[in-house]
Amino acid sequence: MLRSLVPRLFAPARSVRLYSTQPAVSAPAAGLSSETVPPPPARGSEGAVALPYRVPRNSNGSVPVYTDIRNGGTRYLVLIRNVQGSVDALAKDLKSSLFPPGSDEAARLKISTTHSRHVTLSGGRWKTHVLRWLASRGF
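How each quantity is defined
- Residues numbered from 1 in each chain as written.
- Predicted model: local features only at pLDDT ≥ 70, side-chain atom pairs only at ≥ 80, totals over all residues.
- Heavy atoms only, no water.
- Pairing = 2+ DSSP bridges.
- Helix = DSSP H or I, 4+ residues; strand = E, 2+ residues; numbered from the N terminus.
- Axes fitted to C-alpha atoms, helices over the stretch in contact; angles between N-to-C directions.
- Contact = heavy atoms within 4.5 Å.
- Core = buried A, V, L, I, M, F, W, Y, C linked by side-chain atoms within 4.5 Å.
- Buried < 20%, exposed > 50% of the residue type's maximum accessible area, 1.4 Å probe, protein only.
- Polar contact = N/O pair within 3.5 Å; in protein donor to acceptor, adjacent residues only side chain to side chain.

**Quick look at the sheet that holds strand β6 (residues 118–122)**
- Spatially, the four strands line up as an open sheet ordered β2-β3-β6-β5, and their pairing is antiparallel. Sheet topology places β2 (65–70) and β5 (110–114) at the edges, where each strand pairs with a single neighbour. The mean inter-strand angle of the sheet, taken between neighbouring strand axes irrespective of direction, is 25°.
- As paired elements, β5 and β6 share five bridges and run antiparallel to each other. Opposite S112, over in β6, you have T120 as the bridge partner.
- Contacts from helix α2 (residues 87–97) reach β3 (75–80), β5 and β6 within the one sheet, and its direction differs from that of β5 by about 170°.
- Set on the sheet, helix α4 (residues 127–136) makes contact with β2, β3 and β6; between it and β2 the angle comes to about 165°.

**A closer look at the nonpolar core**
- In terms of nonpolar packing, the biggest core is built from 24 residues, with I80, L90 and L121 touching the most fellow members.
- Taken together, the elements giving at least two residues each to this core come down to β3, α2, β6 and α4.
- Each residue touching I80, except ones within four places of it in the same chain, is listed here: V55, P64, V65, L90, L94, R117, H118, V119, L121 and V130.

**Digging into the side chain of H118**
- With respect to the helices, strands and loops of the structure, H118 is situated in strand β6.
- Here the side chain of H118 touches N82 through a polar contact of 3.2 Å, landing on its backbone nitrogen.

**Digging into unusual backbone geometry**
- Within the chain, N71 stands out as a residue other than glycine whose phi angle is a positive 55°.
- Residue classification places N71 among the exposed residues on the basis of a relative accessible area of 54%.
- Even without being glycine, N82 reaches a positive phi, approximately 55°.
- Within the secondary structure, N82 sits in the loop between β3 and β4 (84–85).

**Describing the pairing of β6**
- Counting buried residues along β6, five of its five residues qualify, which places the element largely inside the surrounding structure.
- Side chains of β6 alternate between two faces, with H118, T120 and S122 and V119 and L121 buried alike.
- Where β3 and β6 come together, four bridges link them in antiparallel fashion. Residue pairing across strands places I80 opposite V119, the latter belonging to β6.
- In sequence, β5 turns back onto β6 through a hairpin of three residues, with H115 there showing a positive phi of about 55°.

Any link to function would need more than the numbers given here.
Here it is as structure tokens:
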């Protein structure tokens, strides 16, 4: 029995994963493949427009935009969670300015609100578009 424990006692310790405090920054590709979002602008910046809604970042510091794939991969939903203020105003702004009017994407875009705090977009894979749209608005 002692012989079976000897290799375990003198085996090297497992390597420990070390995570840096700052995430690695890489140059985004020319397409929309990168899902990184720039940090929020500094508070009190001049020229900020007061919007009737606010999308606060979660405890990890990311924008609360999530994807949900349903029906065996045939239905792709984009969820914006924990919206503060007027959820209907956010849905209206998304509908009018996420894609150019009259485009194919604008025709397919369907937006609904749930529980007065969440916005659901269906009709396409638009998580990166929504993240960039929110970043351009200062969230």
